[in-house]
Amino acid sequence: MSMSIPNDAILCKLADLAETGSRGFRVGGGDWPLKGFVLRVDDGSLRAWVNHCPHAGHPLELLPHRFLTADRKFIQCSSHGALFDPVSGSCVAGPCPGRKLRPLAVALQGDDIVLASSSVDVDNAPPRRAAESTQ
Ligand code: FES
């Protein structure tokens, strides 16, 4: 489903990534706002992903803004431990190998990290029930 997001919505400040290496955000109102997170990869560029694990549809983080492994090399799902490459979003270990996180386009405007598109193509529906998930 495609949802309309305010153009150039500010997600966070670049400095907000320092503490945990990543930062969660919520954009839009209603019952199902867009929930995602942003991080900076080794070459200094930004990546942002929808906060929805492709395994069972759970949010990835257990604690606020903690999406990365302790060494900050991978995105980790706190539910069943899937690991995702922070550059490609592909699952590299865990129960959903080869599946991917859904990317979001972001840009840096001054010190602000903003959504780079006003229309985001995401399935914004509630997570699937466990019986419907792919194991
Ligand atoms: S929901 Fe993420 S690994 Fe199971």
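Everything numeric here is computed off the predicted structure, so don't read it as measured data.

Concerning the overall build of the protein
And then number 1: Per the secondary structure count, the protein includes zero helices and twelve strands.
And then number 2: Going from N to C terminus, the protein has its helices and strands arranged as β-β-β-β-β-β-β-β-β-β-β-β.
And then number 3: Going through the 135 residues of the protein one by one, you find that 41% of them count as buried.
And then number 4: Long-range contacts, defined here as pairs at least 24 residues apart, represent 50% of the contacts in the protein between residues at least 6 apart.
And then number 5: When the accessible surface of the protein is summed, it comes to about 7,300 Å², and 51% of that surface belongs to carbon and sulfur atoms.

Comments concerning the sheet that holds strand S6 (residues 75-76)
And then number 1: If you trace the three strands from one edge of the open sheet to the other, you get S6-S7-S8, paired in antiparallel fashion. Strands at the two margins of the open sheet, each flanked by one partner only, are S6 and strand S8 (91-93).
And then number 2: Here strand S7 (residues 83-84) pairs with S8 via two bridges, running antiparallel. Considered in S8, the bridge of Phe84 is made with Cys91.

Observations regarding unusual backbone geometry
And then number 1: Even without being a glycine, His65 presents a positive backbone phi close to 70°.
And then number 2: Along the polypeptide, His65 turns up in the loop between strand S5 (46-50) and S6.
And then number 3: Phi at Arg72 takes a positive value of approximately 65°, unusual for a residue other than glycine.
And then number 4: Summarising the element assignment, Arg72 is placed in the loop between S5 and S6.
And then number 5: For Arg72, a relative accessible area of 41% corresponds to the partly exposed category.

Some thoughts on the packing of aromatic side chains
And then number 1: Tallied over the full model, the rule gives one aromatic pair.
And then number 2: A ring pair is formed by Phe37 and Phe67, whose centres lie 4.1 Å apart and whose planes are at 5°; its orientation type is stacked. Placement of Phe37 in strand S4 (residues 34-40) and of Phe67 in the loop between S5 and S6 is noted, with a sequence separation of 30 residues between them. Phe67 matches Phe37 in its accessibility class, with the two residues each being buried.

Re the sheet that holds strand S10 (residues 106-109)
And then number 1: Pairing is antiparallel in the open sheet, where three strands are placed in the order S2-S11-S10. Looking at the sheet topology across the chains shown, the edges are occupied by strand S2 (10-13) and S10. The mean inter-strand angle of the sheet, taken between neighbouring strand axes irrespective of direction, is 30°.

Things to note about the environment of Phe67
And then number 1: Judged by its relative accessible area of 1%, Phe67 is buried.
And then number 2: Between the C-alpha atoms of Phe67 and Ser78, which are eleven residues apart in sequence, the distance is 8.3 Å.
And then number 3: Phe67 has contacts with Ser22, Arg23, Gly24, Phe37, Asn51, Leu60, Glu61, Phe74, Ile75 and Gln76, leaving out every residue within four places of it along the chain.

Cut-off values and rules
Residues numbered from 1 in each chain as written. Predicted model: local features only at pLDDT ≥ 70, side-chain atom pairs only at ≥ 80, totals over all residues. Heavy atoms only, no water. Helix = DSSP H or I, 4+ residues; strand = E, 2+ residues; numbered from the N terminus. Buried < 20%, exposed > 50% of the residue type's maximum accessible area, 1.4 Å probe, protein only. Contact = heavy atoms within 4.5 Å. Areas by Shrake-Rupley, 256 points an atom, 1.4 Å probe, with all protein chains shown as cover. Pairing = 2+ DSSP bridges. Phe/Tyr/Trp six-rings, centres within 6.5 Å; stacked < 30°, edge-to-face > 60°. Axes fitted to C-alpha atoms, helices over the stretch in contact; angles between N-to-C directions.

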